[in-house]
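# Tertiary structure, described
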Amino acid sequence: MAMSKKMLDREPSEIEMLLPFHAAGTLNARESRRVDEALARDPELARQYAVIREEYAGTIHLNESLGAPSARAMHKLFAAIDAEPRRKSSALPNFSARVTAFFASLSPRTLAWSGSVGAVLLLLQAGVIGAVLVNNQPSTFQTASLSNNAPITRSLGAGAPPSALVRFAPDARAAEITALLDKYQASVVDGPKGGLFQIQFGNRAMTKDEVASVLTKLQSEKIVSLAVAAP
Amino acid sequence: MSTTQAASDGVLIARIAQGDRLAMQVLYGRHHVRVFRFGLRLVRDEQVAEDLISEVFLDVWRQAGKFEGRSAVSTWLLAITRFKALSSLRRRKDVELDDEAAHAIEDASDDPEVAMQKKDTGEALRKCLTALSPEHREIVDLVYYHEKSVEEVAEIVGIPENTVKTRLFYARKKLAELLKAAGVERGWP
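Keep in mind that this is a model prediction, so the values were computed, not measured. (Residues numbered from 1 in each chain as written. Chains lettered and ligands numbered in written order. Predicted model: local features only at pLDDT ≥ 70, side-chain atom pairs only at ≥ 80, totals over all residues.)

## Here's the deal with the overall build of chain A
Here is the rule: Secondary structure follows DSSP: runs of H or I at least 4 residues long count as helices, runs of E at least 2 residues long count as strands, and numbering of each begins at the N terminus. Burial in this document is a count-based property: other C-beta atoms within 10 Å of a residue's C-beta are tallied, and the residue is buried at 20 or more, exposed at 12 or fewer, or partly exposed in between, with C-beta positions derived from the backbone. Two residues qualify as a contact pair if the distance between their C-beta atoms, derived from the backbone, is within 7 Å.
When its secondary structure is counted, chain A shows 9 helices and 4 strands. Scanning chain A from its N terminus toward the C terminus, one meets helices and strands in the order α-α-α-α-α-α-α-β-α-β-β-α-β. Residues classed as buried in chain A amount to 15% of the 231 residues present. A separation of at least 24 residues holds for 66% of the contacts in chain A among residues at least 6 apart in sequence.

Structural data, given as structure tokens:
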């Protein structure tokens, strides 16, 4: 209790002040990781975090018990809107809103085709630029120097980095998934297909044992429902 | 709120800016309950809170063309709601904004101590959350219920980000004191 009193009398630490935002899942991946690490090594902080989770639940309960407004509010609003002067057709929203509205008006199929066409055009453009550069090189060009100590290309290792198929828990938040990917130095390379994401670990090959260990660890994460090696 | 919903809110605002009444109905349907609850927690009067949401969404109808999409639509809505609620409270001469008035309203009914007699810690917690000052109430609600980040709360309330963090800490400290006075020990502080 004396310790607790001391905690209240002093200035709060940065991590303490971040705890409520961590409980609500609104921290970025870096801050979230800092808080997780602090919680793992400081039991006093972990106790405070448990209290915060109670406050969080209590606040949601309280707000949900407030009910909803009657239809009167909506009728009043739309009556006021109807009484507003009619908008001129030339009145256009701001540029970013127009861009958003334009892309939203396209069907997913149209967007996919546009994306593919754009990618092909980019490749063509890169090819043309490359060809022009190569053709413009003087034929007598030579490198000024060449170090014999360092390899010209970096070794890519014995094989490709391992990947896994992962299903996240339905209540997993985007911030939690981002933090998890950071923690495993992983990135999503495909999916979701049937609710499964294909993720790739790091940028180097791993032994069979290393892969098994990572998958076991991943499976024990609370936001992961399933983690298996990708075929 | 998901990224997808935030993006589609932006599309609705773009349509509202062009006078699309249906887009307004969709946006209203999506956000009016949370706007109402946030307003109600500030003004503590259901009729006033209902009037407030009509005013907030009417502002959205009028100002949609000026929305630049720098923040989420829900953040913008809560900022307008807060501004309208505080203006409304200033107009109501019989309502004071200080802690004493807030406590007096709560004390008229079931106070935290009585709630404890009912052996209901959860109820006591909710009573104490209600008994916080308006300043503390709004920050607790914005973080825990409306799930707003430090940056978003700073934008809604109009204070620096560091003040958001310290204000929430002291709101929690006050809550702990109220609970302690009601005989509730929670292991912290």
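## With respect to helix 4 (residues 43–64) of chain A
Rule in force here: Expected span of a helix, by definition, is 1.5 Å for each gap between consecutive residues, and there is one gap fewer than residues. Working note: the arc is built from the helix axis to C-beta atom directions.
Between its first and last C-alpha atoms helix 4 of chain A spans 32 Å; for 22 residues at 1.5 Å apiece the expected length is 32 Å, and the two agree. Along helix 4 of chain A, the residues that are buried comprise Q48, I52, E55, G58, T59, L62 and N63 of chain A. Taken end-on, helix 4 of chain A shows its buried residues confined to a sector of 125 degrees, consistent with a single buried face. Those residues of helix 4 of chain A that are exposed and angled more than 90 degrees off the buried face are P43 and E64 of chain A. Contacts from the buried residues of helix 4 of chain A go to helix 2 (14–23) of chain A together with helix 2 (21–43), helix 7 (121–131), helix 8 (134–145) and helix 10 (161–181) of chain B.

## Notes on unusual backbone geometry
Even without glycine at this site, Q185 of chain A takes up a positive phi of about 50 degrees. Positioned with a positive phi, E147 of chain B is a non-glycine residue whose angle comes to about 50 degrees. In this fold, E147 of chain B is placed in the loop between helix 8 and helix 9 (150–157). Under the C-beta neighbour-count criterion, E147 of chain B is labelled partly exposed, with 17 such atoms within 10 Å.

## Some words on the sheet that holds strand 4 (residues 224–229) of chain A
Residue and element names in this part refer to chain A. Note the threshold: In short, DSSP must find at least two bridges between two strands for them to pair. Between N-to-C directions, angles span 0 to 180 degrees; the directions come from axes that are lines fitted to C-alpha atoms, helices contributing only their stretch in contact.
Taking strand neighbours across the sheet as the criterion, the 4 strands line up as 2-3-1-4 in an open arrangement whose pairing is antiparallel. In this open sheet, the two strands that pair with only one neighbour each are strand 2 (186–193) and strand 4. Direction aside, the axes of adjacent strands within the sheet are offset by 25 degrees on average. Of the strands in this sheet, strand 1 (163–168), strand 3 (196–201) and strand 4 are in contact with helix 9 (residues 208–219), which crosses strand 4 at around 170 degrees.

## Some details on the packing of helix 2 of chain A against helix 10 of chain B
Helices that pack against each other are described as a pair by the angle of their axes relative to one another and the distance between those axes. Threshold: Oblique is the label for any angle not covered by the other classes, which are roughly parallel (under 35 degrees), roughly antiparallel (over 145) and roughly perpendicular (65 to 115). Polarity classes work like this: nonpolar for Ala, Val, Leu, Ile, Met, Phe, Trp, Tyr, Cys and Pro, charged for Asp, Glu, Lys and Arg, and polar for all others, with Gly in that last group.
Direction vectors running N to C along helix 2 of chain A and helix 10 of chain B enclose 80 degrees, while the axes themselves pass 9 Å from each other. Relative to helix 10 of chain B, the element helix 2 of chain A is oriented roughly perpendicular. Each of E16, M17 and P20 of chain A in helix 2 of chain A lies in contact with helix 10 of chain B, whose residues at this interface are K165, T166, L168 and F169 of chain B. When the residues that make up the contact of helix 2 of chain A with helix 10 of chain B are grouped by side-chain class, the tally is 4 nonpolar, 1 polar and 2 charged.

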